[in-house]
Each structure stands twice: as structure tokens, then as C-alpha cells.
Amino acid sequence: EPTLFTDLLPALRDEETVVITLYVRTNRADGMAISEMKNETMAQEKKITKDDFLKSHASIARCLEEEYLKGHREQPELSTLSRFVWMVISDSQETKRHATEVYSSPNVNTEIPMESKKWKEKVIPRQVLHTSARGVHTRPERHPKTPDFAEGFIDWFLIGESDAVIVERISSFGPTGAMRTNRPMFRTTGHGNCSEPIPVLRDPSERPHNN
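Small disclaimer: the values here were computed from a predicted structure and weren't measured. (Residues numbered from 1 in each chain as written. Predicted model: local features only at pLDDT ≥ 70, side-chain atom pairs only at ≥ 80, totals over all residues. Heavy atoms only, no water.)

## Quick notes on the overall build of the protein chain
Working step 1: A tally of regular secondary structure across the protein chain gives six helices and five strands.
Working step 2: Counting from the amino terminus, helix and strand elements in the protein chain follow one another as α-β-α-α-β-α-β-α-β-α-β.
Working step 3: Considering the protein chain as a whole, with its 211 residues, one finds that 45% of them fall into the buried category.
Working step 4: The long-range share in the protein chain, meaning contacts at least 24 apart out of those at least 6 apart in sequence, stands at 68%.
Working step 5: Approximately 11600 Å² of the protein chain is accessible, and the part contributed by carbon and sulfur atoms is 53%. (Helix = DSSP H or I, 4+ residues; strand = E, 2+ residues; numbered from the N terminus. Buried < 20%, exposed > 50% of the residue type's maximum accessible area, 1.4 Å probe, protein only. Contact = heavy atoms within 4.5 Å. Areas by Shrake-Rupley, 256 points an atom, 1.4 Å probe, with all protein chains shown as cover.)

Here it is as C-alpha cells:
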């Protein structure tokens, strides 16, 4: 992974950086597998718009940022906040490029009213990072090789190293990555709500009983 040691791990290890994972599965890997089975060439990906895959993820990520900027979401190791990083994990390179172009920001602190800010005059940028994984490991029809599985494992591992994870219902990849380290998860069906993470049962005794 070209940016693993230069960008991704330094961001995840920086105690002044909040990293939010956006797990975005577009099913592009499935489409590629079907096209290859039919000996067809998959049509070039269209430009992803804000109304497609990223809109609900971005809404929750912005909600989380606002909570941090207002001082409502604390982390013991976060004495000061220098930047946000959105780590986009996806099977679509176009989705990753679009996220970088649209959602990078030189200062998200300007979006918060002055009276509500925890860090009044501080410049707090948002950086969008991503891996180069293509999701080939998910489809046996594409005959994935060791590098393809390595891409998938790196994505899964990085999810569990972030501070919060935004997941979807259609895949267990994001949730299991978050559960590896008990990271708070937020589902895209939450209509932009970040007040309560998805509850995770830590012990079978916590399972609710039906009366």
C-alpha cells in the first residue's frame, strides 16, 4: 500500500488527529466479476455525485466533527485537536477520488458558531485519505491472488485503528473491522444522526430476552 507508512499510519497514530472511517461498498467489485465472466468490458465508472454513495456517510461524519468541535465528544488522549481525517475504504477508486475532491477542507472549524466552539480561533482542516484496494478479494470469480488478499486485510485492519467507523447494512467487512478494537460504529441508515453508536453485545449474557 503506497500511502500506508507515509499518510495512513501517521494519521492513525497522531494523538491530535481524529480519524473517521467511511466504509463505502459500491458493488463495483461484483460488477467487474460479472463482466469478466461474460468476457465483457465494464463501462467506465461515472462521476460519483453527492447524492450517490457518499452523501449519507458524509452527513454522519460531519455530525461527528461537529460534536468534537463543540467539545461534546471527548477522548482521553485528545488534549487538543489539530485535524480531521476521513479514511475512505471502498471498492471504487472513483468514489475515493470524488471524496478527496469534494470533502477536503482547509478549515472545518469555520462551520461552527463562535459561541459553540471549543477551539475558538484554531484552524482545523479535514484531509481525505484512502487506500488503493480494489475489493478483488471479495469475488472468487476474479481469481484473487496474495496481493489482493493483502489489500483487503490492510483495509480491514485500518478500520479498527480509527476513532469512529461509519458502516452499511449490506456488508460485515466494516463492522467486523470496527469490532476488532471495539470502535464506535454509526450506520448510514441513521439519517445523519451520530448521537448514539450501534450497540455491540460484548457478552452473551447482555443479549436481550424476548418476553
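## Regarding the state of the cysteines
Working step 1: The tally for this structure, following the rule as stated, stands at one disulfide.
Working step 2: Sulfur-sulfur distance for the disulfide between C63 and C194 comes to 2.0 Å. Across the S-S bond linking C63 and C194, the dihedral sits near -70°, which makes this disulfide left-handed. With a gap of 131 residues between them, C63 in helix α3 (residues 55-69) and C194 in the segment after β5 (185-187) connect regions that are remote in the sequence. Side by side, C63 and C194 carry an identical accessibility label, which is buried. (Disulfide = S-S within 2.5 Å.)

## Some points on the pattern of salt bridges
Working step 1: Applying the stated criterion to the full structure yields five salt bridges.
Working step 2: In this structure, E66 and K70 form a salt bridge, with 2.7 Å as the shortest nitrogen-oxygen distance.
Working step 3: Judged by relative accessible area, which is 34%, E66 ranks as partly exposed.
Working step 4: One continuous salt-bridge network, built from bridges that share partners, spans R13, E161 and R180. (Salt bridge = Lys/Arg side-chain N within 4 Å of Asp/Glu carboxyl O.)

## Side note on the pairing of strand β1 (residues 17-24)
Working step 1: With eight of eight residues buried, β1 is to be regarded as a mostly interior element.
Working step 2: Side chains T17, V19, T21 and Y23 of β1 all project onto a buried face; the interleaved residues V18, I20, L22 and V24 project onto the opposite face, where all are buried too.
Working step 3: Sheet topology note: the β1/strand β2 (residues 83-90) ladder contains eight bridges and is parallel. Within the sheet, the bridge partner assigned to V18 lies in β2 and is F84.
Working step 4: With three bridges joining them, β1 and strand β4 (residues 164-167) adopt parallel strand pairing. The partner of T21 across the bridge, within β4, is V165. (Pairing = 2+ DSSP bridges.)

## Focus: the packing of aromatic side chains
Working step 1: One pass over the full model with this rule turns up five aromatic pairs.
Working step 2: Residues F153 and F157 carry aromatic rings whose centres are separated by 6.4 Å and whose planes lie at 25° to one another, so their mutual orientation is stacked. Within this pair, F153 and its partner F157 are both found in helix α5 (residues 146-159), separated by four residues, close to a single helical turn.
Working step 3: By relative accessible area, F157 is classed as partly exposed at 28%.
Working step 4: Members of the aromatic cluster, joined through ring pairs, are F153, W156 and F157.
Working step 5: Looking at R180, its charged tip hangs above the ring of W156, at a distance of 5.8 Å from the centre. (Phe/Tyr/Trp six-rings, centres within 6.5 Å; stacked < 30°, edge-to-face > 60°. Lys NZ or Arg CZ within 6 Å of the ring centre and 35° of its normal.)

## Topic: the environment of R187
Working step 1: Turning to its location among the elements, R187 is positioned in strand β5.
Working step 2: Classification of R187 by relative accessible area gives partly exposed; the value is 29%.
Working step 3: For the pair R187 and I166, spaced 21 residues apart in sequence, the C-alpha to C-alpha distance is 5.7 Å.

## A short note on helix α4 (residues 93-103)
Working step 1: Turning to α4, its buried residues number three or more, namely E94, T95, K96, H98, A99 and Y103.
Working step 2: Packing partners of the buried residues in α4 comprise β1, α3, β2 and β3 (126-130).

## Topic: the sheet that holds β1
Working step 1: Ordered by their spatial adjacency, five strands build an open sheet running β3-β2-β1-β4-β5, and the pairing between neighbours is parallel. Among the strands making up the open sheet, the edge pair consists of β3 and β5. When strand polarity is set aside, the average angle formed by the axes of neighbouring strands in this sheet is 20°.
Working step 2: Of the strands in this sheet, β1, β2, β3, β4 and β5 are in contact with α3, which crosses β1 at around 165°.
Working step 3: Those strands touched by α5 are β1, β2 and β4, and its axis lies near 145° from that of β2. (Axes fitted to C-alpha atoms, helices over the stretch in contact; angles between N-to-C directions.)

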